[in-house]
Amino acid sequence: MSLPTVVTLKEMGPRDGLQNEARAISRADKVRLVDDLSRAGLSHIEVGSFVSPRWVPQMAGSQAVFADIERRSGTVYAALTPNLKGFEQALQAGADEVAIFAAASETFSQRNINCSISESMQRFEPVMSAAASAGIRVRGYVSCVLGCPYEGEIPASQVAIVARELHAMGCYETVLSDTIGTGTPGATRNLFAVVARDIPREHLAGHFHDTYGQALANIYASLLEGIRVFDSAVAGLGGCPYARGATGNVASEDVLYMLQGLGIHTGIDLELLIQAGNRISAVLNRPTGSRVARARQADH
Ligand code: HMG
Ligand code: MG
């Protein structure tokens, strides 16, 4: 398959990126991050999540963040919602779109959302109907598609079953997520090839954490497999609180740099994106996780 001319990057920094931070981050800093990202040209930003504040305290202020962001037309401001309660809060907050999240591993499902995979599907049904009534699109994540922190290897066939269910339920996009970043390009290609037997490629996306430094290679492998939508987090922020040791999503700056090198259009301004990443890294008082941003700092 040849490379595409256009790719969509969906920005995870404010949600997947910040959810794991132990120290409280001010509402103003979160809002500034979202606004910086929309100004840089990101057309889809996951702003926060409406999950139990006992499970993920950092996301407790998501409603207030939604209230204060500057809405740019054409930008989709999305929220992660595990159940109907979360969906209702997201709707009230003015989320344009929501995402539900399932896992390909039973143990991860229990640890992350406190129920089995099949119970999670039952919980998602009312979210899907409420979203349909409200005219809200729903994205569906499948976690642990290339390995589980508790169960180890996960067969592609098992991922395909969960992905198929989310797609059949009405998710417009099913996001194969390498939660712990153990996947390699061959396994990634094979996974998309298997899942694409049931789900058209334009309804699939990739979400790669960069723990083992494989994420860019996995994105390239996915491009060759016909995938056109990828998640990333500015400055490589983040990790999942229920996947110990896993680092953040691949840095948006690094993905953008690679795509630009391949002549693929995204609509995102690299300099503004680097500035957004540097600013939030300064707030967090740590060096950016983006190699491209670091190289640019060394240049200057
Ligand atoms: P539970 O304890 O089984 O829930 O948690 P419950 O239904 O029994 O309710 C217990 C209490 O939580 C009740 O309150 C509910 O009202 C409240 P109480 O009556 O005791 O005062 N509650 C809520 N509060 C706020 N918002 C809600 C909500 N739902 C119930 N939506 C639950 C089940 C799903 C809520 C919990 O396990 C949870 O919040 N899990 C979320 C964990 C999470 O956010 N993980 C990180 C995001 S996933 C991720 O990062 C992976 C991804 O990036 C892809 C990848 O990389 O793999 C997407
Ligand atoms: Mg993630």
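Residues numbered from 1 in each chain as written. Chains lettered and ligands numbered in written order. Predicted model: local features only at pLDDT ≥ 70, side-chain atom pairs only at ≥ 80, totals over all residues. Heavy atoms only, no water.

Description of the pattern of salt bridges
Okay, step 1: Under the counting rule described, the total for this entry stands at 17 salt bridges.
Okay, step 2: Close ionic contact of Asp16 with Arg15 constitutes a salt bridge, the shortest N to O distance being 3.6 Å.
Okay, step 3: Owing to a relative accessible area of 2%, Asp16 belongs among the buried residues under this scheme.
Okay, step 4: Note that Arg164 is salt-bridged to Asp198, the shortest N-O span being 2.9 Å. Here Asp198 lies in the loop between helix H8 (185-195) and strand S7 (204-208) and Arg164 lies in helix H7 (residues 156-169), a separation of 34 residues in the sequence.
Okay, step 5: Overall, Asp198 belongs to the partly exposed group, its relative accessible area being 34%.
Okay, step 6: What emerges from the salt-bridge pattern is a single network uniting Arg32, Asp36, Arg39, Glu70 and Arg279. (Salt bridge = Lys/Arg side-chain N within 4 Å of Asp/Glu carboxyl O. Buried < 20%, exposed > 50% of the residue type's maximum accessible area, 1.4 Å probe, protein only. Helix = DSSP H or I, 4+ residues; strand = E, 2+ residues; numbered from the N terminus.)

Let's talk about the coordination of the magnesium ion (ligand 2)
Okay, step 1: In this structure, Asp16 (OD), His207 (NE2) and His209 (NE2) serve as the protein donors to the magnesium ion (ligand 2), at separations of 2.0 to 2.3 Å.
Okay, step 2: Spacing between the donor residues of the magnesium ion (ligand 2) along the chain follows D-x190-H-x1-H.
Okay, step 3: Overall, His209 belongs to the buried group, its relative accessible area being 3%. (Donors = N, O, S within 2.8 Å, 3.2 Å for Na, K, Ca; no water.)

Here we look at the site of ligand 1
Okay, step 1: Near ligand 1 lie 28 residues; those nearest to it are Ser52, Asn83, Asn114, Ser143 and Thr179.
Okay, step 2: Within the contact set of ligand 1, an oxygen atom lies 2.9 Å away from a side-chain nitrogen or oxygen of Gln19.
Okay, step 3: Among the elements that line the shell around ligand 1, the one with the most residues is helix H4 (residues 84-93), at three residues.
Okay, step 4: Residue composition of the shell around ligand 1, by class: eleven nonpolar, twelve polar and five charged. (Near = heavy atom within 4 Å. Polar contact = N/O pair within 3.5 Å; in protein donor to acceptor, adjacent residues only side chain to side chain. Nonpolar A, V, L, I, M, F, W, Y, C, P; charged D, E, K, R; others polar.)

Details of the packing of helix H10 (residues 252-261) against helix H12 (residues 291-299)
Okay, step 1: Following both chains from N to C, one finds H10 and H12 inclined at 85 degrees, their axes separated by 6 Å at the closest point. In terms of axis orientation, H10 runs roughly perpendicular to H12. Contacts between H10 and H12 involve Glu253, Asp254 and Tyr257 on the former and, on the latter, Arg291, Val292, Ala293 and Arg296.
Okay, step 2: Broken down by class, the residue content of the contact of H10 with H12 amounts to three nonpolar, no polar and four charged. (Axes fitted to C-alpha atoms, helices over the stretch in contact; angles between N-to-C directions. Parallel < 35°, antiparallel > 145°, perpendicular 65-115°, else oblique. Contact = heavy atoms within 4.5 Å.)

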